[in-house]
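Here are the chains, one letter per residue:
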Amino acid sequence: MSNAATSAKDVKIAFLGTGLMGAPMARRLLDAGLAVTAWNRDGTKAQPLTADGARIAATAAEAAQGADVVITMLTDGSAVEDVLFTQGVAAALEKGATVIDMSSIAPAFAREHAQKLAQSGIRHIDAPVSGGVAGASAGTLAIMAGGEADVVAELAGVFAPMGRVTRVGPSGSGQLAKLANQQIVAVTIGALAEAMVLVEAGGGSREAFRDAIRGGFCESRILELHGKRMIDRDFEPGGASRNQLKDLRAVLATARDLSLSLPLTEAVSAEFTEFVDGGGGETDHSALLMHLESKNGGRGAKS
C-alpha cells in the first residue's frame with residue numbers, strides 16, 4: 001500500500017479475475033465504498049460490476065496502474081504468473097504496492113511469485129479462500145493468508161468486506177492451508193456421497209438420514225449445504241468438480257514433495273478423476289454422488 005493510502009477507503013484496488021467467485025468478492029469491496037478497477041480475460045464477466053461503481057479496464061496492466069493493492073482471483077498458478085509477469089501487472093505497479101493473490105494455486109507458485117515481486121519492492125500475500133459463491137456473496141469467506149504479519153494486519157480493511165482473514169504463516173502458508181481445506185472438503189463429500197448411496201440402497205430416505213444425523217458428530221457445512229444438494233440433486237456449480245480435482249492433484253504433489261502418504265486423498269482423487277474424465281467436470285463437486293451411483297449400477301440413486 002502506498003504512503004498516500006491512509007485508510008481502507010483511500011486504497012485503490014485492481015481486481016483481476018471476476019468470474020464465479022471474483023465478481024461477488026469485487027462487489028463486496030464496492031459495497032463497502034472502496035475504489036475498484038476490474039479486469040477479466042472475458043470482459044463481459046467484468047462489465048456488470050459497472051452498475052456497482054467499478055471502473056472496467058481493457059487490460060490487466062491498465063487496471064494495475066496507480067493501484068495500491070492488486071487482488072488476483074484466477075484459475076491456477078500459470079494464469080496468475082501470466083497476468084503478473086507476462087501481461088505487465090508487476091511492471092505497472094509502484095514500489096510499496098501489494099499483490100493479494102486469492103486464487104487457489106500451489107504453495108511453490110506463491111513463494112516464487114513473492115520472491116519475484118520483492119525484487120521490485122512489491123509486497124505479496126497469498127490469501128486463498130473457502131466458502132464458495134455463497135460465502136463470496138455474503139462476505140463470510142474464510143481467508144487463509146501467508147506472508148508478513150504486519151502487511152496482513154495493515155490490509156485488514158481490505159479483507160474485512162470479503163470475510164474473516166487469518167494469517168497462517170510465512171509466504172505459501174495460505175495456499176498450503178487452502179490445499180488442506182480442499183483435502184478435507186473432498187474426502188468429506190466422498191464419505192457423505194457414499195453414505196447417501198448406502199442408505200438409499202438399503203431402503204432408507206437420504207433426506208431423513210440427513211435430518212437424523214444433524215447436530216451429531218457428523219454435523220458440518222458439508223452436510224448442511226452439500227448434503228442438501230445431494231438430496232435436491234442440485235448440481236449447478238458452486239465449486240466445480242474440475243477445480244476440486246485440480247486442488248486434489250496439488251495436494252498430492254505437495255505430499256510427494258514432503259514424502260507423505262495420503263491414502264484417503266489418493267482414493268477420493270481417483271474417483272474425482274474418473275468423474276471429471278467422464279464429463280462431470282463442470283458440475284458441482286457434490287455431484288460426485290452421481291458417479292458413485294453409476295458405479296453401483298444405479299443402486300442407491302434416489303427414485
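Residues numbered from 1 in each chain as written. Predicted model: local features only at pLDDT ≥ 70, side-chain atom pairs only at ≥ 80, totals over all residues. Heavy atoms only, no water.

Per an unreviewed UniProt entry, the protein chain goes by 2-hydroxy-3-oxopropionate reductase and derives from Falsochrobactrum shanghaiense.

*Asks:* Even after reading the chapter, I still don't get the overall build of the protein chain, so can you show me in this structure?
*Replies:* Summing up its helical and strand segments, the protein chain has 14 helices and 9 strands in all. For 303 residues, the compact-globule estimate of 2.2 N^0.38 gives 19 Å, and the protein chain sits close to it at 20 Å. Considered along the principal axes of its C-alpha atoms, the protein chain spans approximately 65 × 45 × 35 Å. Carbon and sulfur atoms make up 53% of the accessible area of the protein chain, which amounts to about 13,500 Å² in all. (Helix = DSSP H or I, 4+ residues; strand = E, 2+ residues; numbered from the N terminus. Rg over C-alpha atoms; globule rule 2.2 N^0.38 Å. Areas by Shrake-Rupley, 256 points an atom, 1.4 Å probe, with all protein chains shown as cover.)

*Asks:* Would you mind going over unusual backbone geometry with me for this structure?
*Replies:* The bulk of non-glycine residues show a negative phi, and the bulk of peptide bonds are trans. Phi is positive for Arg233, which is not a glycine, with a value near 55 degrees. In this fold, Arg233 is placed in the loop between helix H11 (221-232) and helix H12 (241-257). Residue classification places Arg233 among the partly exposed positions, given a relative accessible area of 31%. Within the chain, Ser259 stands out as a residue other than glycine whose phi angle is a positive 60 degrees. Note that Ser259 resides in the loop between H12 and helix H13 (263-280). Classification of Ser259 by relative accessible area gives exposed; the value is 69%. (Buried < 20%, exposed > 50% of the residue type's maximum accessible area, 1.4 Å probe, protein only.)

*Asks:* What's the story with the packing of helix H9 (residues 173-201) against H13 in this structure? I'm lost.
*Replies:* Each pair of packed helices gets described by two things: the angle between the helix axes and the distance between those axes. Running from amino to carboxyl end, H9 crosses H13 at an angle of 70 degrees, the nearest separation of the two axes being 9 Å. What the angle tells us is that H9 and H13 run roughly perpendicular. Relative to H13, H9 is oriented so that their crossing is left-handed. Taking contact as the criterion, the partners of Gln183, Ala186, Val187 and Gly190 in H9 are, on H13, Leu264, Thr265, Val268 and Phe272. By residue class, the composition of the contact of H9 with H13 is 5 nonpolar, 3 polar and no charged. (Axes fitted to C-alpha atoms, helices over the stretch in contact; angles between N-to-C directions. Parallel < 35°, antiparallel > 145°, perpendicular 65-115°, else oblique. Left-handed = near helix turned anticlockwise from the far one by under 90°. Contact = heavy atoms within 4.5 Å. Nonpolar A, V, L, I, M, F, W, Y, C, P; charged D, E, K, R; others polar.)

*Asks:* Explain the UniProt feature "domain: 6-phosphogluconate dehydrogenase NADP-binding" (unreviewed entry) in the protein chain to me, please; I cannot follow it from the model alone.
*Replies:* According to UniProt, the feature "domain: 6-phosphogluconate dehydrogenase NADP-binding" (unreviewed entry) maps to residues 12-166 in the numbering used here. Taken end to end, residues 12-166 is 37% helix and 23% strand, and its first and last C-alpha atoms sit 23 Å apart. (UniProt positions renumbered as here; feature names shortened; annotations may be inferred.)

*Asks:* Even after reading the chapter, I still don't get the nonpolar core, so can you show me in this structure?
*Replies:* Within soluble globular proteins, side chains that are nonpolar generally end up buried alongside one another. In terms of nonpolar packing, the biggest core is built from 31 residues, with Met25, Ile71, Met102 and Phe159 touching the most fellow members. Within the residue set of this core, elements represented by two or more residues are strand E1 (12-16), helix H1 (22-31), strand E2 (35-39), strand E4 (69-72), strand E8 (141-146), helix H7 (149-154) and helix H8 (156-159). Sorting elements by how many residues they give to this core places H1 first, with 4 residues. With sequence-adjacent residues up to four places away left out, Met102 is seen in contact with Met25, Ile71, Thr72, Met73, Ala127, Pro128, Val129, Ile143, Phe159 and Met162. Core analysis: the second largest hydrophobic core is formed by 24 residues, Leu74, Val99, Ile105 and Ile122 among them. (Core = buried A, V, L, I, M, F, W, Y, C linked by side-chain atoms within 4.5 Å.)

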